[in-house]
Amino acid sequence: MTAQARQTSGAWGWVLLAGLFEVGFTYALKMSQQDDKYLGLFLLCAVISFECLSQALKTLGVGLAYAVWTGIGSVGTILLGLLLFGDSLSALRLGLLAVLVASIVGLKALDR
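As the structure is a prediction and not an experimental result, all values here were calculated from the model.

## Observations concerning the pattern of salt bridges
Note on pairing: side chains with opposite charge can pair once their charged atoms come close.
Piece 1. Enumeration according to the criterion identifies one salt bridge in this entry.
Piece 2. In this structure, Lys37 and Asp35 form a salt bridge, with 4.0 Å as the shortest nitrogen-oxygen distance.

This is the structure:
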């Protein structure tokens, strides 16, 4: 693997971490509606998420990195809502979620 490939691979790792912490801050934001103690978790996850994205932007283009970051956050938050908060999953919602995932994968694939 070339140095460029390692750098790009590492940047995508930062985007993945940023997306996971985005899911964390949306969870904390939802929980803070019931208990203010989650506001600290929200702030921590938000800061970490933005810092990880910032690290990724040193190597990746802003448009693609942002799209993938928000996509990871969106898909993760939808799954979290289904698993923890009883959000509904209709066939239409599932189809749109599949389109979102396919769009993220397509954007990443076109970046090569």
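Further notes follow.
## Re the side chain of Ser49
Piece 1. Note that Ser49 resides in helix 2 (residues 38–56).
Piece 2. Assessed through its relative accessible area of 0%, Ser49 is described here as buried.
Piece 3. Among the polar contacts made by the side chain of Ser49, one reaches the main-chain carbonyl oxygen of Ala18 at a distance of 2.8 Å.
Piece 4. Polar side-chain contacts of Ser49 include one of 3.0 Å to the side chain of Trp69.
Piece 5. Ignoring anything within four residues of it in the chain, the contact list for Ser49 reads Ala18, Phe21, Glu22, Phe25 and Trp69.

## So, the side chain of Glu22
Piece 1. Turning to its location among the elements, Glu22 is positioned in helix 1 (residues 3–31).
Piece 2. Non-local contacts of Glu22, meaning those with residues more than four positions away in its chain, are made with Ser49, Trp69, Thr70 and Gly73.

## What to know about helix 2
Piece 1. Compared with an ideal rise of 1.5 Å per residue, which puts 19 residues at 27 Å, helix 2 spans 27 Å between its outermost C-alpha atoms and is within 8% of the ideal.
Piece 2. Among the structural elements, helix 1 and helix 3 (62–84) are those in contact with the buried residues of helix 2.

## Here's the deal with a nonpolar patch on the surface
Piece 1. A cluster of nonpolar side chains, Trp14, Leu16, Leu17 and Leu20, forms an exposed patch at the surface whose accessible area comes to about 360 Å².
Piece 2. Locating Trp14 in the fold gives a position in helix 1.

## Observations concerning the packing of helix 1 against helix 3
A pair of packed helices can be characterised by two numbers: the angle between their axes and the separation between those axes.
Piece 1. At their nearest, the axes of helix 1 and helix 3 sit 8 Å apart, and the two run at 40° to each other. Taken together, the axes of helix 1 and helix 3 lie oblique to each other. Like other packed secondary-structure pairs, helix 1 and helix 3 cross with a definite hand, here right-handed. Residue-level contacts link Trp12, Val15, Leu16, Ala18, Gly19, Leu20, Glu22, Val23, Thr26 and Tyr27 of helix 1 to Leu64, Ala65, Val68, Trp69, Thr70, Ile72, Gly73, Gly76, Thr77, Leu80 and Leu84 of helix 3.

## Some remarks on the nonpolar core
Piece 1. Residues Trp12, Val15, Leu60 and Val68 are the most contacted members of the largest nonpolar core, which totals 13 residues.
Piece 2. Those elements that provide at least two residues to this core are helix 1, helix 2 and helix 3.
Piece 3. Non-local contacts of Val68, meaning those with residues more than four positions away in its chain, are made with Trp12, Val15 and Ile104.

## With respect to the packing of aromatic side chains
Piece 1. Here the structure, examined in full by the defined rule, presents six aromatic pairs.
Piece 2. When the centroid spacing of 5.7 Å and the interplanar angle of 90° are considered together, the rings of Phe25 and Phe42 count as edge-to-face. Residue Phe25 is found in helix 1, and its partner Phe42 is found in helix 2; the two are separated by 17 residues along the sequence.
Piece 3. Here the guanidinium or amino end of Lys30 rests over the ring plane of Phe85, the centre of that ring lying 5.7 Å away.

## Topic: the packing of helix 1 against helix 2
Piece 1. At a closest axis distance of 7 Å, the pairing of helix 1 and helix 2 adopts a crossing angle of 160°. When the axes of helix 1 and helix 2 are compared, the pair comes out roughly antiparallel. Crossing hand, helix 1 versus helix 2: left-handed.
Piece 2. Broken down by class, the residue content of the contact of helix 1 with helix 2 amounts to 20 nonpolar, three polar and one charged.

What counts, and where the lines are drawn
- Residues numbered from 1 in each chain as written.
- Predicted model: local features only at pLDDT ≥ 70, side-chain atom pairs only at ≥ 80, totals over all residues.
- Heavy atoms only, no water.
- Salt bridge = Lys/Arg side-chain N within 4 Å of Asp/Glu carboxyl O.
- Helix = DSSP H or I, 4+ residues; strand = E, 2+ residues; numbered from the N terminus.
- Buried < 20%, exposed > 50% of the residue type's maximum accessible area, 1.4 Å probe, protein only.
- Polar contact = N/O pair within 3.5 Å; in protein donor to acceptor, adjacent residues only side chain to side chain.
- Contact = heavy atoms within 4.5 Å.
- Expected span 1.5 Å × (residues − 1).
- Patch = residues over 30% accessible without salt bridge, like charges linked within 9 Å, V, L, I, M, F, W, Y side chains within 5 Å.
- Areas by Shrake-Rupley, 256 points an atom, 1.4 Å probe, with all protein chains shown as cover.
- Axes fitted to C-alpha atoms, helices over the stretch in contact; angles between N-to-C directions.
- Parallel < 35°, antiparallel > 145°, perpendicular 65-115°, else oblique.
- Left-handed = near helix turned anticlockwise from the far one by under 90°.
- Core = buried A, V, L, I, M, F, W, Y, C linked by side-chain atoms within 4.5 Å.
- Phe/Tyr/Trp six-rings, centres within 6.5 Å; stacked < 30°, edge-to-face > 60°.
- Lys NZ or Arg CZ within 6 Å of the ring centre and 35° of its normal.
- Nonpolar A, V, L, I, M, F, W, Y, C, P; charged D, E, K, R; others polar.

In short, shape yes, function no, at least from these values alone.
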